[in-house]
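# Coordinate inspection notes
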Amino acid sequence: TYIVIEDVELQRENLIELLHSRLDLELIGSFENAEDAYHYLAGNSHRRPNLIFLDIEMPGASGFNLLDAVSRFCLSAKVIITTAFAEYAIKGYEYNISGYLLKPIEPEKLNHAIDKAIAGLQGPPRAGPAPAAKGHILIKEKGRWVKVDHDEILYCEGANVDVKVVASTTVY
């Protein structure tokens, strides 16, 4: 699960669009400022994110102000900074962030930062087989993303870029 904190709407939407290609991630919130993100993270009535994608320079409180504030919660989420300013990198790593990405964000670098952060969440490898996880895919239908569990999919047909997914209750 992840949240995005970015004050520029177009950049927030572009980042979320890039992240939708990752089937192992689920968006649980997006915020245009640090204050709204703080209130979300401070609350107890919702799911906690595993990953936080955080801009630094925003009106009002900065991304660093948010990191200072949420450190009081002992938040275990991994933070990936997404900013247009290279000069914050050293300060960012003082906060033990998992990644630092400069805008415009390159998909390969984004995926590398996510993989590194997820590996940090999982801790050291355990012995024995991994527990079975219920998987899903995201399908873009009529301009919106739909989550379809693997066990709902009956079959897929496709040619080139057009793919038809036949699920137990509907056809995408």
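Our subject in this report is the structure included herewith. The structure presented is a predicted model; accordingly, all values stated were derived computationally and were not measured. (Residues numbered from 1 in each chain as written. Predicted model: local features only at pLDDT ≥ 70, side-chain atom pairs only at ≥ 80, totals over all residues. Heavy atoms only, no water.)

A word on the overall build of the protein. Check the secondary structure of the protein and you find five helices and nine strands. Order of helices (α) and strands (β) in the protein, N terminus to C terminus: β-α-β-α-β-α-β-α-β-α-β-β-β-β. With the C-alpha coordinates of the protein rotated into their principal frame, the extents come out at 50 × 40 × 35 Å. For the protein, restricting intrachain contacts to residue pairs at least 6 apart in sequence, the fraction spanning at least 24 positions comes to 56%. For the protein, the exposed area adds up to about 10400 Å²; of that, 53% sits on carbon and sulfur atoms. (Helix = DSSP H or I, 4+ residues; strand = E, 2+ residues; numbered from the N terminus. Contact = heavy atoms within 4.5 Å. Areas by Shrake-Rupley, 256 points an atom, 1.4 Å probe, with all protein chains shown as cover.)

Two strands pair when backbone bridges link them, and strand β6 (residues 136–141) and strand β7 (residues 144–149) are joined in this way by six bridges, in the antiparallel orientation. Counterpart to K140 in the pairing with β7 is W145. (Pairing = 2+ DSSP bridges.)

A cluster of like negative charges, contributed by E9, E13, E32, E35 and D36, occupies part of the molecular surface. When residues of the negative patch are traced back to their parent elements, those giving at least two are α1 (9–20) and α2 (34–42). (Patch = residues over 30% accessible without salt bridge, like charges linked within 9 Å, V, L, I, M, F, W, Y side chains within 5 Å. Salt bridge = Lys/Arg side-chain N within 4 Å of Asp/Glu carboxyl O. Lys, Arg positive; Asp, Glu negative; His and termini not counted. Charge placed at Lys NZ, Arg CZ, Asp CG, Glu CD.)

Once that is clear, we can look at the nonpolar core. Core analysis: the biggest nonpolar cluster contains 22 residues, and I3, I5, I52, L54, L66, V79 and I81 have the highest contact counts within it. Of all the secondary-structure elements, those providing two or more residues to this core are β1 (2–5), β2 (27–31), α2, β3 (51–54), α3 (63–70) and β4 (78–83). The contacts of I5, once residues within four sequence positions are left out, are F31, N33, A34, A37, I52, F53, L54, D55, M58 and L66. In terms of nonpolar packing, the next biggest core, distinct from the first, is built from 16 residues, V4, I80, A113 and I118 among them. (Core = buried A, V, L, I, M, F, W, Y, C linked by side-chain atoms within 4.5 Å. Buried < 20%, exposed > 50% of the residue type's maximum accessible area, 1.4 Å probe, protein only.)

Glancing now at the environment of Y100. Locating Y100 in the fold gives a position in strand β5 (residues 99–102). A polar contact of 2.4 Å, which involves the side chain of Y100, links it to the backbone oxygen of F85. At 3.4 Å, the side chain of Y100 and the backbone nitrogen of Y88 are in polar contact. (Polar contact = N/O pair within 3.5 Å; in protein donor to acceptor, adjacent residues only side chain to side chain.)

Summed over all chains, the structure comprises nine salt bridges. In this structure, K103 and E6 form a salt bridge, with 2.4 Å as the shortest nitrogen-oxygen distance. A residue pair is termed long-range when its members are at least 10 positions apart, and K103 in the loop between β5 and α5 (107–122) and E6 in the loop between β1 and α1 qualify at 97 residues. The exposure classification of K103 matches that of E6, with both residues buried. As a salt-bridge pair, R47 and E26 come within 3.1 Å of each other at their nearest N and O atoms.

Further remarks concern the sheet that holds β3. Read across the sheet, five strands follow the order β2-β1-β3-β4-β5 without closing on themselves; strand pairing throughout is parallel. Edge strands, defined here as strands with exactly one partner in the open sheet, are β2 and β5. Recorded for the sheet is a direction-independent mean angle of 15 degrees between the axes of neighbouring strands. Where β1 and β3 come together, four bridges link them in parallel fashion. Opposite I5, over in β3, you have L54 as the bridge partner. (Axes fitted to C-alpha atoms, helices over the stretch in contact; angles between N-to-C directions.)

A separate point is α2. One turn of the α-helix equals 3.6 residues, which is why residues spaced by three or four share an orientation. If you check which residues of α2 are buried, you get A34, A37, Y40 and L41. The arc that holds every buried residue of α2, seen down its axis, measures 125 degrees, which confines them to one face. Contact partners of the buried residues in α2: β1, β2, β3 and α3. Of the residues that open α2, the one with a side-chain oxygen 3.2 Å from the backbone nitrogen of E35 is N33. (Arc of directions from axis to C-beta.)

This part covers the side chain of H20. When you line up the elements, H20 lands in helix α1. If sequence neighbours within four positions are ignored, H20 has contacts with Y2, L138 and W145.

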